[in-house]
Amino acid sequence: MLDLARAHGPLLDEFTESLVSVCRSGQFVLGPEVLKLEQSVAEYSQAKHAVGCASGSDALLLALMACGVGAADEVILPSFTFFATASAVTRLGATPVFADIEPATFNVCPASIESLINPATKAILPVHLFGQCADMDRIGEIAAESKLALIEDAAQAIGAEFAGRRAGSMGQIGCFSFYPTKNLGGAGDAGMLTTNDDELADKLQLLRGHGMRPRYYHKEIGVNSRLDSFQAAILNVKLPYLERWSQMRQTNAARYAELFKIAGLEDVVGLPETAPNCRHVWNQYVIRVRDGRRDALREHLTAAKIGSEIYYPLGLHQQECFSYLGNSYGELPQTEQAGGEVLALPIFPELTAVEQEIVVSRIAGLLKPSTDGHAIGKPKFLKYAEAAKS
Ligand SMILES: Cc1ncc(COP(=O)(O)O)c(C=O)c1O
């Protein structure tokens with residue numbers, strides 16, 4: 001699914017040099033590497049400020065704290081997302097209110113958000129899922145009309161754009177994760193917040209360090225969520241390559257579309273779509289497998305030693321831990337349908353054309369085994385393999 005060694009192999013000397021330099025400096029928490037990363041990520045994300053923290057989950061928590069979300073508040077977020085988007089809300093005693101998604105992009109549906117706004121709503125928390133921004137024009141308008149805080153969960157979408165604006169620069173605060181599977185991944189957990197607001201930047205810096213300023217004088221009840229220098233050092237080495245890696249992911253996505261077409265599978269599986277004014281950075285390439293065949297296809301790929309993953313089998317409104325909210329099945333039909341159909345295929349930058357061809361030919365082997373001219377091993381289909389041979 002993801003072979004990090006391919007990206008990291010050529011960078012090992014750079015990693016060693018910068019990790020040794022952190023050891024020599026003795027500054028293991030925050031310090032110059034973190035400052036450098038904060039400046040670079042702010043610039044890369046078209047934001048005025050960036051504040052490092054310990055993980056994407058903490059970034060969400062800190063963002064909600066900085067916007068004053070508390071026990072009486074509701075926060076609207078998509079049901080179809082990773083758990084951390086909602087748990088940040090419940091950690092503050094607030095209530096997550098789940099919106100449905102747009103079937104074409106898997107991103108939160110603005111009309112669904114609108115229908116859920118009520119006097120208790122404090123914030124909207126759209127997720128830029130799989131590397132593509134949610135409809136930030138419409139969601140921004142909705143937030144402004146109802147005077148709600150707008151926080152972007154950009155954990156999967158560093159470098160993605162909506163109408164020329166970068167993920168993390170469109171809401172009051174953007175939240176990033178540098179978990180190793182992300183497009184910019186560290187060697188462990190790390191996260192970052194972006195904002196264009198000077199006061200919020202200051203508050204986020206305060207909150208991530210126990211609300212302490214000056215030392216041992218606590219202005220607010222914050223948390224310990226500092227970014228460590230080792231992670232920042234690794235990320236500083238990797239960031240200059242991010243743009244190229246995103247382009248390689250885009251090339252791979254386009255090649256999948258071509259290969260699915262050649263295999264005659266275009267109408268058999270649902271291919272992921274890029275919305276018209278979006279720059280998709282393809283953290284995940286997620287197809288839809290209809291007619292209840294998704295799990296069989298996943299087993300078939302696993303047997304062929306091809307990695308795949310189900311992001312996400314259930315909407316958050318269907319999760320046991322949120323049953324106390326009283327959500328019921330059938331409430332968010334697009335989320336529920338997606339949960340039964342989605343399958344993520346390998347899309348990492350260094351994935352080869354031949355490997356992609358093998359993935360698609362294996363899928364064809366199960367879903368379209370008898371199609372003339374497209375069956376596994378037919379030279380017409382395996383054009384990259386043939387080219388590699390010759
Ligand atoms: C959409 C989304 N939000 C939040 C997170 C949480 O990030 P982290 O794993 O760094 O805590 C993740 C990553 O796993 C994610 O995919």
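Just so it is clear, the model here is predicted, and its values are computed rather than measured. (Residues numbered from 1 in each chain as written. Predicted model: local features only at pLDDT ≥ 70, side-chain atom pairs only at ≥ 80, totals over all residues. Heavy atoms only, no water.)

Caption draft 1: Geometry of the sheet that holds strand β6 (residues 161–162). Strand order in this open sheet of three strands is β7-β6-β11, and the pairing throughout is antiparallel. The sheet terminates laterally at β7 (165–166) and β11 (278–279), the two strands that pair on one side only. (Pairing = 2+ DSSP bridges. Helix = DSSP H or I, 4+ residues; strand = E, 2+ residues; numbered from the N terminus.)

Caption draft 2: Local environment of the site of the ligand. Taken together, 14 residues lie around the ligand, and G56, S57, D153, S177 and K182 are the ones closest in. Here a nitrogen atom of the ligand sits 2.7 Å away from a polar atom, N or O, in the side chain of D153. K182 has a polar side-chain atom sitting 3.0 Å from an oxygen atom of the ligand. Burial of the ligand by the protein chains amounts to 92% of its free accessible area of 380 Å². For the shell around the ligand, the secondary-structure elements that each account for two or more residues are α4 (56–66) and α5 (84–91). Looking at the shell around the ligand element by element, the count peaks at three residues for α4. (Near = heavy atom within 4 Å. Polar contact = N/O pair within 3.5 Å; in protein donor to acceptor, adjacent residues only side chain to side chain. Areas by Shrake-Rupley, 256 points an atom, 1.4 Å probe, with all protein chains shown as cover.)

Caption draft 3: Highlighting the state of the cysteines. Within the structure shown, the criterion is met by zero disulfides. In this model C175 remains outside any disulfide bridge; the closest cysteine sulfur is found in C53, 7.8 Å from its own. Free of any disulfide, C278 has its nearest neighbouring cysteine sulfur in C133, separated by 5.8 Å. (Disulfide = S-S within 2.5 Å.)

Caption draft 4: Seen up close, the pattern of salt bridges. Under the definition given, this model contains 15 salt bridges. With its nearest N and O atoms 2.6 Å apart, the salt bridge here joins D295 to R294. Residue D295 is classed as partly exposed on the basis of its relative accessible area, which comes to 44%. Each of E161, R166, E243 and R279 takes part in a single network of salt bridges with overlapping partners. (Salt bridge = Lys/Arg side-chain N within 4 Å of Asp/Glu carboxyl O. Buried < 20%, exposed > 50% of the residue type's maximum accessible area, 1.4 Å probe, protein only.)

Caption draft 5: Representation of the pairing of strand β12 (residues 285–289). In terms of residue burial, β12 counts as a mostly covered element, since five of its five residues are buried. Both faces of β12 are covered, namely the face carrying Y285, I287 and V289 and the face carrying V286 and R288. Pairing of strand β10 (residues 269–270) with β12 involves two bridges; the strand directions are antiparallel. Within the sheet, the bridge partner assigned to G270 lies in β12 and is R288. In the sheet, β12 pairs with strand β13 (residues 342–345) via four bridges, with the strands oriented antiparallel. In the strand pairing of β13, Y285 is matched with L345.

Caption draft 6: Spotlight on unusual backbone geometry. Between R213 and P214 the backbone carries a cis peptide bond, its omega angle lying at -10 degrees. Counting through the fold element by element, P214 comes out in the loop between α8 (198–208) and α9 (229–238). In this chain, Y311 is followed by Y312 through a cis amide linkage whose omega measures 5 degrees. Unlike most non-glycine residues, L30 shows phi in positive territory, near 55 degrees. Along the polypeptide, L30 turns up in the loop between α2 (12–25) and α3 (32–44). Assessed through its relative accessible area of 23%, L30 is described here as partly exposed. We note that K147 has phi near 55 degrees; this positive angle belongs to a residue other than glycine. Of note, K147 is situated in the loop between α7 (136–145) and β5 (149–153).

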